[in-house]
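Structural features, examined
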There are 2 protein chains.
Amino acid sequence: MDITLIDVALGRKKAETLLAGGRVVNVFTGEIEEKDVLLHGGRVAAVGDFGSADAETVVDLDGAYLLPGLIDAHVHIESSHMTPASFGRAVLEKGTTTVIADPHEIANVAGAAGIDFMAADAQNAPMDIFYMVPSSVPATDKETAGAVLDSAATRELFRRHPEFLGLGEVMNVPGVLGGDGETAAKMKAAGERPLDGHFPLGGGRELAAFTAAGISSDHESVSAAEGAEKLANGMTLLIREGSSARNLETLLPAVSDHSHSRCCFCADDISASDILTHGDMLNCLKKAVAFGMDAVRAVEMATINPARHYGLKRRGAIAPGYLADLVAVGDLVDFEIRNVWKNGVLYRREETRGEERRFGAFRLSGEPFRFPLPREGETRAAVIRAFPGQIITEKAVYPVDSLAKQGVSRLYVAERYGKNGNVGYGLIEGFGLTSGAIASSVAHDSHNLLILANDDDEAMFAAETVAAMGGGMAVVKNGRVLAEMALPVAGLMSDEDVETLAEKERRLNGSVSELGISMAAPFMTLSFMALPVVAKLKLTDRGLFDVEQFDFTPLYF
Amino acid sequence: MDITLIDVALGRKKAETLLAGGRVVNVFTGEIEEKDVLLHGGRVAAVGDFGSADAETVVDLDGAYLLPGLIDAHVHIESSHMTPASFGRAVLEKGTTTVIADPHEIANVAGAAGIDFMAADAQNAPMDIFYMVPSSVPATDKETAGAVLDSAATRELFRRHPEFLGLGEVMNVPGVLGGDGETAAKMKAAGERPLDGHFPLGGGRELAAFTAAGISSDHESVSAAEGAEKLANGMTLLIREGSSARNLETLLPAVSDHSHSRCCFCADDISASDILTHGDMLNCLKKAVAFGMDAVRAVEMATINPARHYGLKRRGAIAPGYLADLVAVGDLVDFEIRNVWKNGVLYRREETRGEERRFGAFRLSGEPFRFPLPREGETRAAVIRAFPGQIITEKAVYPVDSLAKQGVSRLYVAERYGKNGNVGYGLIEGFGLTSGAIASSVAHDSHNLLILANDDDEAMFAAETVAAMGGGMAVVKNGRVLAEMALPVAGLMSDEDVETLAEKERRLNGSVSELGISMAAPFMTLSFMALPVVAKLKLTDRGLFDVEQFDFTPLYF
């Protein structure tokens, strides 16, 4: 009970700020009202009809719509390639005042130390970043990851970070359904906190079992029926609209008059350029309204609903006592941003740049790549068939003598933590690479070094280019670097500003045409080629992996 | 994570119980589906299409509608005159499997010891009783209460009962708005738990200030506009439909497609006979549907919504992992109860009677009553005007020589805790008493002994009759007891069963006609005549009290 706030609400004391002349979106009632808002001490004091005598400073909103600060229910900050501080500056300008982040990527690279870094750097962000403890580090034992977080480490993280909100997306569905002890112990470590899920397998009794285990959200639905079944089972439905997976349009029919308060938006994985161009949650609002959703309901899904699900008190609405996180937009169609207030203070960008922090070692073995050739009697090859913007792949089988004709390239996964120097070799189609190589240290989930090339020398040059930056992405050709983006923070992130990174992303994706690559955003697609929990054929540093068989499989046979 | 439940959900192990052939009401999606429900270990394992091979025991629901067990968001168990164990048996038969109770009445009589008794006796109830720590003991210093719970006592109660859900309805609105230190300290003692409010004063800046203070629910709204304003300010709206205050029909228009997930039903104060005849939450469902509300939405307001507001995890829905509290009803109009399951077990009444527990001393001073007469020069008298079923009163002023003609009776409030022997004397109209007396130890909030009579001797006999029972209610005439109900537990409750108490209520209310009383349910109305926080003219043991002036006022002048 804050007596000053009460005094301001009652008019016994002037508010710091009066936002006048706006149209206030009330997510509790669905009403849009021409009302004024008093802000004081970082909170909303009252919503009503007030005058200039009620505040020290009066801001005329000139008919703008005033929304609660937007909340992203689930995001991996690392996927933006920005550090938390840099990410925070970028999304706050787009109206996002709070995110619930799962530092799953850095945890796979650097373990608890990486998570501690994320927590510390979040303090440098101008908005609020809440974390979940990643549950799946590593997701499988089929690859060499930079770190392992077992149940003891999970408990220790909750002890060290009591402010962490819950357990991040539990991906080990077989572990849950099989009653795996380590998985159960991690879930237990979360206590009464929410357990996020990752359940891409449809529904039925498996879904019932997964929710019976206590997992209360999911962001993997790809059809409205699947979303509705998850809601029916008591899950909160996180509707994902990021840079790779885009499920918003498909899932909107699952949002009904009954279910809407348990539906949220999330970006999951979003690039710097998408944040810059479209916004993260703002993009969800625009699209939801474009697809016919009531604007206030859409706002609710990006504000109060995630706050409720994750137990964030007095956040996500414009109401007395609520955090004074607000966004003024020109209308409820384009949601053109006019101003953002965080903790009652108008946000103005600071042009300062953070210091460059190196984080996480990057050690290749130094051995040259030697892509294997078919041996006597091996006539066919297993080939990963990649699709633009898809994280799933198909398994193709070709005669070994037709590989060049089919446009098949080589894929390398080089262990980069200095643990064993493993290199996994695979064949892949769908990128259209004709010369040169691309390499990236962003390779879900273990983030070893991924290289796409047609010969070992180009592959090695690309690998060395990335390693020399301490991680990042590079496009090379004939021993020349065409474009690069250094990601020295754990090989995943940079603390450069969003414009700089977006420009580097643009150059990377632009220069790949010189390599014959026809696929849009090839680095994004490439980054999932080493993820052995998503079907069907993937490559880890330990070899070619058949996800459906959940075992390694030979390259040639 | 309960691996047995997972095994049952997956079909690897038989469930204890299969509820087959029912229509399952899903409060998440609003759907009503012909599905089966597997129960195991007190929880729902799965909802789907199952067969007799899936369970040890199959129950054929024969088309019944299956609802989650009902939840009352706010009730004072003491007002039913039943102990928690007895109350629990009564409401469970009517489908209520969980209540959030504020032991405000017994706290005013017996302080923390009374609350401890309520917590202990809740363990004897066959359903779940969650408590709030009462915030207003006493509500004012204008009367002698049996106990005081200051902020230190409040902190100690939260320490001793960490399972208590929050702070019970904060009635001291001036204390909140004025920043009273003790009120603030009690609110602080609740930590992050919900703070219930009691805000009968409309809206505007006072309401903003009250919610800015952190109070998040209210059950005092008497118009839809008032309810909507509370919702708009971020409060959860508790729609009350009890034995005295009935706001359901009035408030239903405040429940919209947007706001419904923040609306709940509550009984607040309900009699044994109303529970027996109509049910508590069942009555709300029936009425809401009769007034045109969608049935599933009504169910939601009596199940998942209060569970969400009070942070009761995995309760209030029929979904995997949720508590197996279920109610089978014949239809969604009359909601005729067929069966109730608590923790997965079909409830069957146990005809055993609890032992009679005396609780709380009952000590009158022994001095005879001496109703004051007007002195020289006093020509007018202030008279409480009571209305059937209303807790508010009006103040009438009559010439002292016309009191008999006006049908004015005497009202006595005798301090009953042996603290000071105070007797307050007042005049009251509206009951129609012509002879005899009625007396009751249920007298909000301090629960001193209230007596309505036309002369001191009848008043004293009625008082002695109640005192001899250790508390309760009595109707007497000419030195004879016409009807009585012993409430030996703190002078408020009995552990008799609901039928016995309802029959005693019936006899009490029936016999008053022999006294000329024409008011229906006079004991209910009487019980609020000593409540100095509700307008306008009331009587405490310290004298006649003008609530609007918030001061004592003379009887004659």
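Residues numbered from 1 in each chain as written. Chains lettered and ligands numbered in written order. Predicted model: local features only at pLDDT ≥ 70, side-chain atom pairs only at ≥ 80, totals over all residues. Heavy atoms only, no water.

1. A word on the overall build of chain A
Stated formally: Segments assigned H or I by DSSP are reported as helices when at least four residues long, segments assigned E as strands when at least two residues long, and all are numbered from the N terminus. The size measure is the radius of gyration over C-alpha atoms, and the globule rule it meets is 2.2 Å times the number of residues to the 0.38 power. Contacts were defined at the residue level, with two residues in contact if any of their heavy atoms lie within 4.5 Å.
A tally of helices and strands in chain A yields 16 helices and 27 strands. For chain A, whose C-alpha radius of gyration is 24 Å, the value lies close to the compact-globule estimate of 24 Å for 557 residues. Dimensions along the principal axes, computed over C-alpha positions, put chain A at roughly 90 × 50 × 45 Å. Across chain A, every contact between residues at least 6 apart in sequence was considered, and the portion connecting residues at least 24 apart equals 70%.

2. Some words on helix 3 (residues 104-122) of chain B
Residues and elements named next belong to chain B. As a reminder, the rule being used: Take the number of residues in a helix, subtract one, and multiply by 1.5 Å to get its expected span. Bend, at a single residue, is the angle you get between axes fitted to the 7 residues ending at that residue and the 7 residues starting at it. Using a 1.4 Å probe on the protein chains alone, a residue whose accessible area is under 20% of its type maximum counts as buried, one over 50% counts as exposed, and one in between counts as partly exposed.
Helix length check: helix 3, at 19 residues, gives a terminal C-alpha distance of 15 Å against a target of 27 Å (1.5 Å per residue), a shortfall beyond 12%. The largest bend along helix 3 reaches roughly 135 degrees and is located at Ala110. When you tally the buried positions in helix 3, you get 14 out of 19 residues, the bulk of the element.

3. What to know about the relation of the copies chain B and chain A
Turning one copy of the chain about an axis and sliding it along that axis gives the other copy, so a rotation and a shift relate them. Quick note on the threshold: Residues reaching a pLDDT of at least 70 in both copies supply the C-alpha atoms on which the copies are superposed by least squares.
For the pair chain B and chain A, the superposition axis carries a translation of 0.0 Å, the fit reaches an RMSD of 0.1 Å, and the rotation angle comes to 180 degrees. The operation mapping one copy onto its partner corresponds to a two-fold rotation axis. The position closest to the rotation axis in chain B is occupied by the C-alpha of Asp257 of chain B, lying 2.9 Å away. Of the residues that chain B buries at the interface, 100% are likewise interface residues in chain A, meaning the two copies contact each other through the same surface.

4. Some details on the sheet that holds strand 9 (residues 166-170) of chain A
Residue and element names in this part refer to chain A. Counted only if it meets this: The pairing criterion is simple: DSSP has to find at least two bridges between the two strands.
Across the sheet, 8 strands lie side by side as 6-7-8-9-10-11-12-13; this open sheet has parallel pairing. For this open sheet the edge positions go to strand 6 (70-75) and strand 13 (263-266), each flanked by a neighbour on one side alone. Alignment of strand 6 against strand 7 (residues 96-101), held across 4 bridges, turns out to be parallel. When the sheet's bridge partners are listed, Leu70 is paired in strand 7 with Thr96.

5. Observations concerning the sheet that holds strand 25 (residues 537-540) of chain B
Residue and element names in this part refer to chain B. Across the sheet, which stays open at both edges, the 3 strands sit in the order 25-26-27 with antiparallel pairing between neighbours. Both edges of this open sheet fall to strand 25 and strand 27 (551-552), since each of them pairs with a single strand only. Two strands pair when backbone bridges link them, and strand 26 (residues 543-546) and strand 27 are joined in this way by 2 bridges, in the antiparallel orientation. Its bridge partner being in strand 27, Phe545 is matched across the sheet by Phe552.

6. Comments concerning unusual backbone geometry
Put simply, Ala535 of chain A and Lys536 of chain A share a cis peptide bond, and its omega is 0 degrees. That bond from His444 of chain B to Asp445 of chain B is cis: its omega, -10 degrees, falls within 30 degrees of zero. With respect to the helices, strands and loops of the structure, Asp445 of chain B is situated in the loop between strand 21 (437-440) and strand 22 (449-453). With a phi close to 55 degrees, His447 of chain B is a non-glycine residue in the positive phi region. Relative to the helices and strands, His447 of chain B resides in the loop between strand 21 and strand 22. Despite not being glycine, Ala490 of chain B has its phi angle at roughly 65 degrees, a positive value.

7. Looking at the packing of aromatic side chains
The condition is simple: For Phe, Tyr and Trp, where Trp contributes only its six-membered ring, two rings pair if their centres lie within 6.5 Å, and the inter-plane angle classes them as stacked under 30 degrees, edge-to-face over 60, or tilted in between.
Counted under the stated rule, the structure contains 18 aromatic pairs over all chains. Taking the centre distance of 5.6 Å and the plane angle of 70 degrees together, the rings of Tyr412 of chain B and Tyr425 of chain B count as edge-to-face. Here Tyr412 of chain B, found in strand 19 (residues 409-414), pairs with Tyr425 of chain B, found in strand 20 (residues 423-429); they are 13 residues apart in sequence, far enough to count as distant. Residues Phe545 of chain B and Phe552 of chain B carry aromatic rings whose centres are separated by 5.2 Å and whose planes lie at 75 degrees to one another, so their mutual orientation is edge-to-face. With a relative accessible area of 0%, Phe545 of chain B lands in the buried category. Judged by its relative accessible area of 27%, Phe552 of chain B falls in the partly exposed class. An aromatic cluster of three or more residues is present, and its members are Phe369, Phe371, Tyr412 and Tyr425 of chain A.

8. Quick notes on the interface of chain B and chain A
In plain terms, the rule: The term buried area means the drop in 1.4 Å probe accessible area that two parts suffer when joined, counted for both and summed. Salt bridges are counted wherever a side-chain nitrogen of Lys or Arg sits within 4 Å of a carboxyl oxygen of Asp or Glu. In protein, a polar contact means a hydrogen-donor-capable atom and an acceptor-capable atom, both N or O and within 3.5 Å, with residues adjacent in sequence counting only if both atoms are side-chain atoms; elsewhere, any N or O pair within 3.5 Å suffices.
Listed per partner, the contact involves 60 residues of chain B and 60 residues of chain A. Regarding the contact of chain B and chain A, the summed buried area is about 4,500 Å², with carbon and sulfur atoms giving 54% of it. Looking only at chain B, the three residues that lose the most surface to chain A are Met1, Arg205 and His258 of chain B, adding up to 19% of its buried area. Where chain B packs against chain A, one counts 2 salt bridges. With its nearest N and O atoms 3.1 Å apart, the salt bridge here joins Arg205 of chain A to Asp54 of chain B. Inspection of the region where chain B meets chain A yields 23 residue pairs in polar contact (both at pLDDT 80 or more).

9. Some details on the environment of Val498 of chain B
Residues and elements named next belong to chain B. Mapped onto the fold, Val498 is located in helix 15 (residues 498-511). Owing to a relative accessible area of 4%, Val498 belongs among the buried residues under this scheme. Distance in space between the C-alpha atoms of Val498 and Ala272 is 5.6 Å, their sequence separation being 226 residues. For Val498, the contacting residues outside a window of four places in its chain are Met82, Ser86, Ala90, Ala272, Leu276 and Arg349.

10. As for the confidence of the model for chain A
Operational definition: The quantity called pLDDT is the predictor's confidence in a given residue, expressed from 0 to 100.
When pLDDT is averaged along chain A, the result is 95; 98% of the residues meet or exceed 70. Among the scores for the predicted complex, ipTM is 0.92 and pTM is 0.94.

11. Here we look at the pattern of salt bridges
Residue and element names in this part refer to chain A. Within this structure, the stated rule accounts for 50 salt bridges over all chains. Here Lys35 makes a salt bridge to Glu33, at a shortest N to O gap of 3.6 Å. Since its relative accessible area comes to 30%, Glu33 is described here as partly exposed. Residue Asp546 is joined to Lys395 by a salt bridge in which the shortest nitrogen-to-oxygen separation is 3.5 Å. Remark: Lys395 occurs in strand 18 (residues 394-399) and Asp546 occurs in strand 26 (residues 543-546); sequence separation between them is 151 residues.

12. Quick notes on the side chain of Asp268 of chain B
Inspection of the secondary structure assignment puts Asp268 of chain B in the loop between strand 13 (263-266) and helix 10 (272-278). Judged by its relative accessible area of 4%, Asp268 of chain B is buried.

13. A word on helix 1 (residues 3-10) of chain B
Residue and element names in this part refer to chain B. Counting buried residues along helix 1, 6 of its 8 residues qualify, which places the element largely inside the surrounding structure. What helix 1 keeps buried is the set Leu5, Ile6, Asp7, Val8, Ala9 and Leu10. Two residues or fewer past helix 1, Gly11 is found with a positive phi of approximately 85 degrees.

14. Quick notes on the side chain of Asp546 of chain A
Residue and element names in this part refer to chain A. Residue classification places Asp546 among the buried positions, given a relative accessible area of 10%. From its side chain, Asp546 meets the backbone nitrogen of Gln549 in a polar contact 3.0 Å long. Excluding residues within four positions of it along the chain, Asp546 makes contact with Lys395, Lys536, Leu537, Asp551 and Thr553.

15. As for the state of the cysteines
Stated formally: We call a pair of cysteine sulfur atoms a disulfide when they lie within 2.5 Å.
For the structure shown, the criterion picks out 0 disulfides over all chains. The structure places no disulfide on Cys266 of chain A, whose sulfur is separated from the nearest cysteine sulfur, that of Cys284 of chain A, by 7.5 Å.

16. As for the environment of Leu501 of chain B
All names here are of chain B. With respect to the helices, strands and loops of the structure, Leu501 is situated in helix 15. Assessed through its relative accessible area of 0%, Leu501 is described here as buried. With 420 residues separating them in the primary sequence, Leu501 and His81 have C-alpha atoms 7.8 Å apart. Residues contacting Leu501, with those up to four places away along its chain left out, are His81, Met82, Ala272, Met485, Ser494 and Glu496.

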